[in-house]
Amino acid sequence: MAAKYQWRGIKIDPEWCAKQSKVFGRHMDKALGELRGVPEVIALEKTQGKPYNPNSPIQTATLLKTFGIHTYKKRGAEHMSTRKDDLELVEDSHPFVGMLLRYKERVQVKRDQLDGFIKFADKDNIIHPYYNPIAQVGTRMSCSEPNAKGISKDPLVRGMVISRFGPGGMILEADYKSLEIFLAAALSQDAGLLEIVTKGLDLHDATATKMFGQKFDEIQRRKAKSVNFGSNYGQTKYGLSRKLGCSLEEAESAINAHQRAYPGLWRWVYQVHSYAVQHGHMRARTGHIRHLDEIKFAQGARLAELKRQAQNYPITTLGAAITNYAGWLLDKALTVGGFKSISFHEVSDALLVDVYPGELKRVEAVVREVMEVQAVKISPIQLKVEIKSGPRWS
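A. Representation of helix α4 (residues 57-66) in the model. Taken residue by residue, α4 has P57, Q59, T60, A61, L63 and L64 as its buried positions. Of the residues one or two after α4, G68 is the one with positive phi, at around 75°.

Here is the structure:
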């Protein structure tokens, strides 16, 4: 499938890219203004006699030290690292780090995707990324030149992808709905969570009911939704507080309520943490192993990050294996069925199909049969697929 995806490629709309690039440029300017309005940044600019440049590792490292933050990694021999992946480890430490990461994300999306993808396009405005099925820690294929798997979820960015079949052609996205939560329910065998996902109940409504009672409000539902997704990634009260705009006490209370609602899930989480610390690795149902030797002696933010990796590894590895299998089955079904529509990309837990005019309804039926019936034979739990389609991917 890696070779087929590369050969078929992804059709890009250059005019859309140019238009949205200007929009993101304005977003960047606004984010930069917010950063330069932070009192500590204003003080730094007065001391140094020049504006703060978020891309300056030295200036950023100086600010982090002012906030009492350290990334525990060094850039060269003297300065601490301010790379995006290292900053993410300390994102909960201060609002400034979150603001800086949002700015960096906008810069990256504009530079590498809206402005960058089209540089890889052929004469038909189709990019042909290189897919590597063996360059990832888990079972997901990596993607480069360009990294189409890392494309932003923002509709303004994904809208650059259009059908190669012209008027009437459609982009269909088939996404395993809440795949990682379904797999977490199956792996942890939490009775309450299993009941919700197997009965097809609204996960976030049911969780809000468990956490806050039948008469929950929209704010409480939002808290339940955030903790549902964050539970698979080791979300802290600091991260939840920033995401919801609530106090640390409210965030901690929400996490505690979620733990009471799903004791089996959280018991499994702590068992995974304990196993990883004791053995220095994590094993997935697929047979893949992730070595985490550093977890035995790591401390602070680094230990928390390694625990998050250990906790997430069995879920994401199995999820990727299911999606990869579904991709292979779907390609086979479309070919055997004589369709002109083609599958052309995988991203996260979703498959993309470029649908030939007039084939949408039949393709939807094939996709649902493949992803909900055939591919789930390797899943420990029944899965549901959400299908969306339109003239653009968004």
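From this point, things continue past the structure.
B. Geometry of the sheet that holds strand β7 (residues 170-176). Reading across the sheet, the 4 strands line up as β10-β11-β7-β12 and stay open at both edges, with antiparallel pairing between neighbours. Each edge of the open sheet carries a strand with a single partner, namely β10 (342-347) and β12 (385-390). Within this sheet the neighbouring strands show an average axis-to-axis angle of 20°, counted without direction. Looking at chain direction, β7 and β12 are connected through 6 bridges and run antiparallel. The partner of A174 across the bridge, within β12, is I387.

C. Quick peek at the pattern of salt bridges. The tally for this structure, following the rule as stated, stands at 17 salt bridges. Taking the shortest distance from any N to any O, the salt bridge between R8 and D331 comes out at 2.8 Å. Pair noted here: R8 is in helix α1 (residues 2-8) and D331 is in helix α15 (residues 300-336), with a separation of 323 residues, a long-range link. Judged by relative accessible area, which is 13%, R8 ranks as buried. In this structure, E372 and R368 form a salt bridge, with 3.2 Å as the shortest nitrogen-oxygen distance. Of this pair, E372 and R368 both sit in helix α16 (residues 360-374), 4 residues apart, which is roughly one turn of that helix.

D. Main features of helix α3 (residues 39-48). Among the residues of α3, V41, L44 and E45 are the ones counted as buried. Projected down its long axis, α3 shows its buried positions confined to an angular sector of 100°, all on one face. Residues P39, K46 and T47 are exposed on α3 and point more than 90 degrees away from its buried face. Structurally, α3 contributes buried residues whose contacts are with α2 (14-36), α4 and α6 (95-114).

E. Representation of the packing of helix α11 (residues 218-230) against helix α13 (residues 248-261) within the structure. The N-to-C vectors of α11 and α13 enclose an angle of 65°; their axes lie 10 Å apart at closest approach. When the axes of α11 and α13 are compared, the pair comes out roughly perpendicular. In the crossing of α11 with α13, the sense of the turn from one axis to the other is right-handed. Where α11 approaches α13, its residues K223, V227 and N228 are matched on the opposing element by E250, A254, I255 and H258. Grouping the constituent residues of the contact of α11 with α13 by class yields 3 nonpolar, 2 polar and 2 charged.

F. The arrangement of the nonpolar core in detail. Counting residues in hydrophobic clusters, the biggest one holds 88 residues, and the most contacted among them are M160, Y176 and M371. Ranked by residue count, the leading element in this core is α15, at 10 residues. Every residue in contact with M371, bar those within four places of it in the chain, is listed here: A174, Y176, A326, L351, V376 and V385. In terms of nonpolar packing, the next biggest core, distinct from the first, is built from 23 residues, L32, L35, M80 and F96 among them.

G. Region of the structure containing unusual backbone geometry. Following E145, the chain continues to P146 via a peptide bond in cis, the omega torsion being -5°. By secondary structure assignment, the location of P146 is in the loop between β6 (142-144) and α7 (155-158). Positive phi, close to 55°, is recorded for Q189, a residue that is not glycine. If you trace the backbone, Q189 turns up in the loop between α8 (179-188) and α9 (191-198). Given the relative accessible area of 54%, Q189 is considered exposed.

Rules of the game
- Residues numbered from 1 in each chain as written.
- Predicted model: local features only at pLDDT ≥ 70, side-chain atom pairs only at ≥ 80, totals over all residues.
- Heavy atoms only, no water.
- Buried < 20%, exposed > 50% of the residue type's maximum accessible area, 1.4 Å probe, protein only.
- Helix = DSSP H or I, 4+ residues; strand = E, 2+ residues; numbered from the N terminus.
- Pairing = 2+ DSSP bridges.
- Axes fitted to C-alpha atoms, helices over the stretch in contact; angles between N-to-C directions.
- Salt bridge = Lys/Arg side-chain N within 4 Å of Asp/Glu carboxyl O.
- Arc of directions from axis to C-beta.
- Contact = heavy atoms within 4.5 Å.
- Parallel < 35°, antiparallel > 145°, perpendicular 65-115°, else oblique.
- Left-handed = near helix turned anticlockwise from the far one by under 90°.
- Nonpolar A, V, L, I, M, F, W, Y, C, P; charged D, E, K, R; others polar.
- Core = buried A, V, L, I, M, F, W, Y, C linked by side-chain atoms within 4.5 Å.

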